[in-house]
Amino acid sequence: MEVIICSTAADAGRVAAGKVAQVAKARGPEVVIGFSTGSSPLATYADLTRRIDSGELDLSQAWGFALDEYVGLEPGHPESYAEVIRTTVTEPLRMNPERVFTPNGFAENLQTAGPEYEEQIRAAGGIDVQILGVGANGHIGFNEPGSSLASRTRIKTLTTQTRQDNSRFFASIDDVPRHCLTQGLGTIMEAKNVVLVAQGEGKADAIAGLVEGPVGSGCPGSVLQFHPSVTIVLDEAAAARLERADHYRETFEHKPQWQRFE
Ligand code: GLP
């Protein structure tokens, strides 16, 4: 795991976007990118947009896959993740909407919707770089504590904490769906590269557990300790409870030039 501690959220966005851009350039025009919703990756998307606007990066032929979706929100619902991905990712990054997918939380058969989504990811060649945020309870995607570390895309029940956290986007907590479809932890682990971004003190415990805690389903994101290519990009507040923060800073400062993407 590479842990990079940045002084501001904007800086973290620039560094995370640098890693995504590096993978995209190495992989070519049809790079497959996994996208997360939530506020965490917005600075990353802003910096990717800047790179696209300047002509440094072109994602017009790339493929995109969202991590998760609420169950039961009708297509076009402004808080459905399909809509959020359209407005925060597909449009600003000038991607082809026919190549950007979200799990179908409105499917008649939710049991087959998960495996079908996995098939779409496989058909595109697998995810080259997965962009992740993290929930305050350590969830990635919507894999709440207790999720199988080998899980695949499936229906899950959201915790009350997650519904409360996400109620800021809805009129009240009662309007936040109870269920979701999410890529599983096993699915996320198949991405070739993972870039996780977190900001703010509300994420400090989750990050400490994910990076330095024992691997276990109590902190689902900790499964990433088994992944061979993970970049964790934090602001100071999210890094505040890391015991080895000084070592991460030193490592970054002395990183060989050939390894740099920032
Ligand atoms: C949401 C999403 C996750 C996201 C997380 C954190 O519920 N399903 O993909 O990473 O919670 O959200 P935020 O970045 O807004 O804090």
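Here we summarise the structure given alongside this text. (Residues numbered from 1 in each chain as written. Predicted model: local features only at pLDDT ≥ 70, side-chain atom pairs only at ≥ 80, totals over all residues. Heavy atoms only, no water.)

**Comments concerning the site of the ligand**
Lining the immediate environment of the ligand, one finds 15 residues, of which S39, S40, D68, F142 and K203 sit closest. K203 places a side-chain nitrogen or oxygen 2.6 Å from an oxygen atom of the ligand. Burial of the ligand by the protein amounts to 94% of the accessible area it has alone, namely 390 Å². Classifying every residue of the shell around the ligand by side-chain character gives 4 nonpolar, 8 polar and 3 charged. (Near = heavy atom within 4 Å. Polar contact = N/O pair within 3.5 Å; in protein donor to acceptor, adjacent residues only side chain to side chain. Areas by Shrake-Rupley, 256 points an atom, 1.4 Å probe, with all protein chains shown as cover. Nonpolar A, V, L, I, M, F, W, Y, C, P; charged D, E, K, R; others polar.)

**Section: helix α2 (residues 42–53)**
Taking 1.5 Å per residue as the helical rise, α2 with its 12 residues ought to reach 16 Å, and the 16 Å between its terminal C-alpha atoms agrees with that figure. Among all positions in α2, only T44, Y45, D47, L48, T49, R51 and I52 are buried. Those residues of α2 hidden inside the fold are in contact with α1 (9–27), β2 (32–35), α3 (81–90), β6 (129–132) and β9 (193–198). Looking at the residues trailing α2, positive phi occurs at G55, about 85 degrees. (Helix = DSSP H or I, 4+ residues; strand = E, 2+ residues; numbered from the N terminus. Expected span 1.5 Å × (residues − 1). Buried < 20%, exposed > 50% of the residue type's maximum accessible area, 1.4 Å probe, protein only. Contact = heavy atoms within 4.5 Å.)

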